[in-house]
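What follows is each chain in one-letter form.
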Amino acid sequence: MTPPDTPALIALINDELGLALEPGMAGLPLDALPGWDSILLLRLVVVLEEAVGRPLPVAELLSAGSLEQIQALAVSA
Amino acid sequence: MSGAGTGAGVRMRLRSAAGALPGEPVDNAELQARLGLSAEWVDRFVGTRTRHFALGTTDLAGLCTTAARTALASAGTGAQRMDFVVLATATPDALMPTTAAVVADRLGISGVPVFQLQSGCSGTVQALALAEAMLVSGAGQGLVIGGDVCTKHLALDRDFRRMPPAELVNYVLFGDGAGAAVVSAEAGPGSADCVAVRHRPVRPGLPPGQRVEWYGAADLGSAEPAPPVSEDYKAVQRLVPELAGQEGEELLGLVGWSGQDLDHLLPPQLGGLMTERITAELRRVLKADRAAEVSCVAETGNTGNALLLLQLARLLPRLSPGEKALALCVESSHWISAGLALEAS
């Protein structure tokens, strides 16, 4: 499957994790995202791996500071 | 609470403590294999390395009975010599008969009072306080038991992507286990004097930090039953360190100790990382620089009512003559602060 681009990643997160993020928020620090919580990363790993159809580098993903960085990891994995 | 001070004023001695954990430890890699939850996330954000799951292997009564037998043997006494039993749990095998009564029966204890306390993480302190009252009113020795089978609430076929964080967090925090202690009015080899034991709700009106449901026939027909366990973990993260610090300061003041007097510190335990943080904060607030941490949650997971007994089982062999220990618990369900001050007999 194709890794999501940034707007698609935002849409995926809103749909699967129940947030209400806007595309312009992808560069914000994760902690600055409305409704963000570290436990959401646990769910995001599962959601993203299913979306791209292959395992992702979880250690790097957990270290990511923003959704842009997470999206880049999903693309390059 | 028990009277402050030491020596002649002490009304309860901890003679032994023991734990029972079901099966082999389940590490984070196995948790990932079973549940699909990232092991690296658990390592990084929770810090609990292993836990034990009872599901399908034993019930709570079985774990409690095993722990009690070990504690009795360790104290060099027998079940028939117990004058009472107090068992604390949030997850009894059934609402009736009580798990306490089942455990007493399996141990061959009859004809003495058997209590069960419905409780969370402060349950063992509550049980010890009740035990102390029994000893004060003439009992010679008794059993204090605590345990939980948290996996009762884990459904392995759930879709974690859609699980609310307040529910999901329980899958990575908790484990199953039981602990037991023999307490007596008289000191014995290797015993610890219980200098103070107390517990009480401290945040009236605050919404519960954790809620565990039980369902009856009428509830089961409901279209959307409430999740069996939910946790306001942000409130827990914020309040538990604060309340533990307050309880520690007050308890030290009541018994006339300073933090510098403490040789051992038994902190509240939630997950491995949070316990590390709470311990560091307690050492700072209480000025208990040289107190050695006695904890188990990184290896056992959060076993609810068993936790303090598992900590006490680790403490007693380390407690040298004259040493002092302080144990602190915060039950987030209704924000109950609890503490125990111990001194080697």
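Remember, it's a predicted structure, so these values are computed and weren't measured experimentally.

The rules behind the values
- Residues numbered from 1 in each chain as written.
- Chains lettered and ligands numbered in written order.
- Predicted model: local features only at pLDDT ≥ 70, side-chain atom pairs only at ≥ 80, totals over all residues.
- Helix = DSSP H or I, 4+ residues; strand = E, 2+ residues; numbered from the N terminus.
- Rg over C-alpha atoms; globule rule 2.2 N^0.38 Å.
- Buried ≥ 20, exposed ≤ 12 C-beta atoms within 10 Å, placed from the backbone.
- Contact = placed C-beta atoms within 7 Å.
- Axes fitted to C-alpha atoms, helices over the stretch in contact; angles between N-to-C directions.
- Parallel < 35°, antiparallel > 145°, perpendicular 65-115°, else oblique.
- Left-handed = near helix turned anticlockwise from the far one by under 90°.
- Nonpolar A, V, L, I, M, F, W, Y, C, P; charged D, E, K, R; others polar.
- Domains from an automatic or database assignment.
- Core = buried A, V, L, I, M, F, W, Y, C linked by C-beta atoms within 7 Å.
- Expected span 1.5 Å × (residues − 1).
- Pairing = 2+ DSSP bridges.

### A word on the overall build of chain B
For step 1, the next point in the chain: Scanning chain B for helices and strands turns up 11 helices and 14 strands.
For step 2, the next point in the chain: What you see for chain B is a C-alpha radius of gyration of 19 Å, in line with the 20 Å of a compact globule of 345 residues.
For step 3, the next point in the chain: Looking at chain B as a whole, 54% of its 345 residues are labelled buried.
For step 4, the next point in the chain: Taking the contacts inside chain B whose residues are at least 6 apart along the sequence as the reference set, 82% of them involve residues at least 24 apart.

### As for the overall build of chain A
For step 1, the next point in the chain: Scanning chain A for helices and strands turns up four helices and zero strands.
For step 2, the next point in the chain: Scanning chain A from its N terminus toward the C terminus, one meets helices and strands in the order α-α-α-α.
For step 3, the next point in the chain: Projecting the C-alpha coordinates of chain A onto the three principal axes gives extents of approximately 30 × 20 × 20 Å.
For step 4, the next point in the chain: Looking at chain A as a whole, 26% of its 77 residues are labelled buried.

### Details of the interface of chain B and chain A
For step 1, the next point in the chain: Every contact between the two is made by 12 residues of chain B and, on the other side, 14 residues of chain A.
For step 2, the next point in the chain: Sorting the residues of the side of chain B that touches chain A by element identifies helix H2 (39-46) and helix H6 (165-173) of chain B as the ones contributing at least two each.
For step 3, the next point in the chain: In terms of residues, the side of chain B that touches chain A owes the most to one element, H2(B), which gives four residues.

### Considerations on the packing of helix H1 (residues 28-35) of chain B against H2(B)
Residue and element names in this part refer to chain B.
For step 1, the next point in the chain: At a minimum axis separation of 8 Å, H1 and H2 run at an interaxial angle of 130°. In terms of their interaxial angle, H1 and H2 are classed as oblique. Considering the relative orientation of H1 and H2, their crossing is right-handed. Residues Asn28, Ala29, Leu31 and Gln32 of H1 pack against Ala39, Val42 and Asp43 of H2.
For step 2, the next point in the chain: Of the residues assigned to the contact of H1 with H2, the class counts are four nonpolar, two polar and one charged.

### Description of the domain arrangement of chain B
Residue and element names in this part refer to chain B.
For step 1, the next point in the chain: The domain architecture assigned to chain B consists of domain 1 (7-184) and domain 2 (192-344).
For step 2, the next point in the chain: The interface of domain 1 with domain 2 comprises 49 residues on the first partner and 47 residues on the second.
For step 3, the next point in the chain: Of all the secondary structure elements, the ones that give two or more residues to the side of domain 1 that touches domain 2 are strand E1 (13-20), strand E3 (50-51), strand E4 (85-89), helix H5 (123-136), strand E6 (141-149), H6 and strand E7 (176-184).
For step 4, the next point in the chain: Looking at the side of domain 1 that touches domain 2, the element that brings in the most residues is H5, giving seven residues.

### Here's the deal with the nonpolar core
Residue and element names in this part refer to chain B.
For step 1, the next point in the chain: Within the largest apolar cluster, 127 residues are counted, with the highest numbers of intra-cluster contacts made by Cys64, Val85, Ile145 and Ala180.
For step 2, the next point in the chain: Ranked by residues supplied to this core, first place goes to helix H3 (residues 60-75) with nine residues.
For step 3, the next point in the chain: Split by domain, this core shows at least three residues from each of two domains, domain 1 (7-184) and domain 2 (192-344).
For step 4, the next point in the chain: Setting aside residues up to four positions removed in sequence, valine 85 forms contacts with Ala100, Ala104, Ile109, Val114, Gly142, Leu143 and Ile145.

### Observations regarding the packing of helix H8 (residues 233-255) of chain B against helix H9 (residues 272-286) of chain B
Residue and element names in this part refer to chain B.
For step 1, the next point in the chain: Contact pair H8 / H9: the axes reach a minimum separation of 10 Å and the direction vectors enclose 35°. Judged by the twist between their axes, the crossing of H8 over H9 is right-handed. Packed against H8, whose contacting residues are Gln237, Val240, Pro241, Ala244, Gly245, Gly248, Glu249 and Leu252, the element H9 presents Met274, Ile278, Glu281, Leu282, Val285 and Leu286 at the interface.

### Some thoughts on H5(B)
One turn of the α-helix equals 3.6 residues, which is why residues spaced by three or four share an orientation.
Residue and element names in this part refer to chain B.
For step 1, the next point in the chain: Between its first and last C-alpha atoms H5 spans 20 Å; for 14 residues at 1.5 Å apiece the expected length is 20 Å, and the two agree.
For step 2, the next point in the chain: Judged by how many residues are buried, H5 sits mostly within the fold: 11 of 14 residues are covered.
For step 3, the next point in the chain: Within the span of H5, buried status applies to Gly123, Thr124, Val125, Gln126, Ala127, Leu128, Ala129, Ala131, Glu132, Met134 and Leu135.
For step 4, the next point in the chain: With its phi angle positive at about 120°, glycine 138 sits one or two positions after the end of H5.

### Here we look at unusual backbone geometry
Residues and elements named next belong to chain B.
For step 1, the next point in the chain: The omega torsion of the bond from methionine 96 to proline 97 falls at -5°, within 30 degrees of zero and hence cis.
For step 2, the next point in the chain: Note on placement: proline 97 falls in the loop between E4 and helix H4 (99-107).
For step 3, the next point in the chain: A positive phi angle, near 55°, is found at lysine 287, a position not held by glycine.
For step 4, the next point in the chain: Positionally, lysine 287 belongs in the loop between H9 and strand E12 (292-293).
For step 5, the next point in the chain: According to the C-beta neighbour criterion, lysine 287 is partly exposed, with 15 such atoms within 10 Å.
For step 6, the next point in the chain: Look at tryptophan 335: it is not a glycine, yet its phi comes out positive at around 55°.
For step 7, the next point in the chain: Inspection of the secondary structure assignment puts tryptophan 335 in the loop between strand E13 (324-331) and strand E14 (336-344).

### A few points about the sheet that holds E6(B)
Residues and elements named next belong to chain B.
For step 1, the next point in the chain: Strand order in this open sheet of 10 strands is E5-E4-E6-E7-E1-E8-E14-E13-E11-E12, and the pairing throughout is mixed. Lying at the two open borders of the sheet, with one neighbouring strand each, are strand E5 (114-118) and E12.
For step 2, the next point in the chain: Where strand E8 (residues 192-201) and E14 come together, nine bridges link them in antiparallel fashion. Across the sheet, residue alanine 192 finds its bridge partner in E14, namely alanine 344.
For step 3, the next point in the chain: Where H5 meets the sheet, it contacts E4, E5, E6, E7, E8, E13 and E14, and its direction lies at approximately 120° from that of E8.

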